[in-house]
Amino acid sequence: MGIDVACKCVLYEEAMKMGALAFFEEKYDPKSVRVVKIGNISTELCGGTHVKNTKDLGVLFITSFNSIASGVKRITGIAGEQAYKLAQSWKQFAIDNSRKYKSPLNEISEILKKQDEINKNKIAQEKALIENMKSLFIVNALNKIKKTDSGISYLLAEIPISIKSSMREILETISKKATGIFILYSKLNGKNEICGIISESLSLSFDKDLKRFLSENKFKGKLTSKLIHGICNMISKSNLSL
């Protein structure tokens, strides 16, 4: 047995006398507003679609509860068959986790919260470890910078796969601390993915020597006055005489 939902249009002033809640006062037409009354539970101004009786909703599943303004909350949910299906899926989710963690259903929510916290801490630790590895790599790379025959500083180093995704970021950091050409490479399916940065202050004559080096290493990719990015069949340090 549900609660009847009654809707009628009245003057705004009359609606206020009825005790109707109005959240958007400046937007209401003073001559006609729609009042929705749900038994003795709620009386509000609302232009949305409503059921004739709360029992028509059947199963109601609340999907979110958010604050949209000071003292105003918005509840979002689904009803009817879709709500029933969602409730069933969550029930199965709880059962599956109950079996996984070998715990009763009433403890699963707390267990999942703890597991989520563990996962967040693990991600934070992994991120900290990666940042530490990047910092150590940069320090070591700066210490390995050499000079070419023509006196230009250069770096040619293999980057660990664990920090390969930060290759460009690492190069930019190195280029802020030193001037020259800095190339990092990582093995990828039998080839070498390389990424490099060229300092703006290098002479144009350096470009020819760099292109020769890349050609000898079977380079395929993008080469501009500031950036190198592509694939090499091999990396030969011995022919980096630039």
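These numbers come from a predicted model, not from an experiment.

## Details of a nonpolar patch on the surface
Phase 1 of the analysis: A cluster of nonpolar side chains, contributed by Leu57, Leu60, Ile62, Phe65 and Ile75, occupies part of the molecular surface with about 500 Å² of accessible area.
Phase 2 of the analysis: The element contributing the most residues to the nonpolar patch is strand 4 (residues 60-69), with three residues.
Phase 3 of the analysis: Turning to its location among the elements, Leu60 is positioned in strand 4.

## Description of the environment of Gly39
Phase 1 of the analysis: Tracing the chain through its elements places Gly39 in the loop between strand 2 (33-38) and strand 3 (42-45).
Phase 2 of the analysis: Using a relative accessible area of 25% as the deciding quantity, one classes Gly39 as partly exposed.
Phase 3 of the analysis: Placed 54 residues apart in sequence, Gly39 and Phe93 show a C-alpha to C-alpha distance of 36 Å.

## Considering the packing of aromatic side chains
The description of an aromatic ring pair uses the distance of the two centres, along with the angle that the planes make with each other.
Phase 1 of the analysis: Counting across every chain of the model gives two aromatic pairs.
Phase 2 of the analysis: Taking the centre distance of 5.9 Å and the plane angle of 25 degrees together, the rings of Tyr12 and Tyr28 count as stacked. Of this pair, Tyr12 sits in helix 1 (residues 12-17) while Tyr28 sits in the loop between helix 1 and strand 2, placing them 16 residues apart in sequence.
Phase 3 of the analysis: Here Tyr12 falls in the buried class, since its relative accessible area comes to 18%.
Phase 4 of the analysis: Here the aromatic rings of Trp90 and Phe93 are separated by 5.5 Å at their centres, their planes lie at 80 degrees, and the arrangement is edge-to-face. Taken together, the residues span about one helical turn, with Trp90 and Phe93 both in helix 2 (residues 80-101) at a distance of three residues.
Phase 5 of the analysis: Under the relative-accessibility criterion, Trp90 is labelled partly exposed at 48%.
Phase 6 of the analysis: A relative accessible area of 37% places Phe93 in the partly exposed class.

## Digging into the side chain of Glu193
Phase 1 of the analysis: Within the fold, Glu193 resides in strand 9 (residues 191-198).
Phase 2 of the analysis: Residue Glu193 is classed as buried on the basis of its relative accessible area, which comes to 16%.
Phase 3 of the analysis: Here Glu193 is in contact with Lys164, Met167, Leu184, Tyr185, Ser186, Leu188, His229, Gly230 and Ile231, once residues within four sequence places are set aside.

## Description of the pairing of strand 4
Phase 1 of the analysis: Across eight bridges, the pairing between strand 4 and strand 5 (residues 72-79) is antiparallel. Bridge pairing in strand 5 places Asn66 opposite Arg74.
Phase 2 of the analysis: Hairpin connection, strand 4 to strand 5: the antiparallel pair is bridged by two residues, and Gly71 has positive phi, about 75 degrees.

Rules of the game
Residues numbered from 1 in each chain as written. Predicted model: local features only at pLDDT ≥ 70, side-chain atom pairs only at ≥ 80, totals over all residues. Heavy atoms only, no water. Patch = residues over 30% accessible without salt bridge, like charges linked within 9 Å, V, L, I, M, F, W, Y side chains within 5 Å. Areas by Shrake-Rupley, 256 points an atom, 1.4 Å probe, with all protein chains shown as cover. Salt bridge = Lys/Arg side-chain N within 4 Å of Asp/Glu carboxyl O. Helix = DSSP H or I, 4+ residues; strand = E, 2+ residues; numbered from the N terminus. Buried < 20%, exposed > 50% of the residue type's maximum accessible area, 1.4 Å probe, protein only. Phe/Tyr/Trp six-rings, centres within 6.5 Å; stacked < 30°, edge-to-face > 60°. Contact = heavy atoms within 4.5 Å. Pairing = 2+ DSSP bridges.

Worth remembering: the numbers are spatial, not functional.
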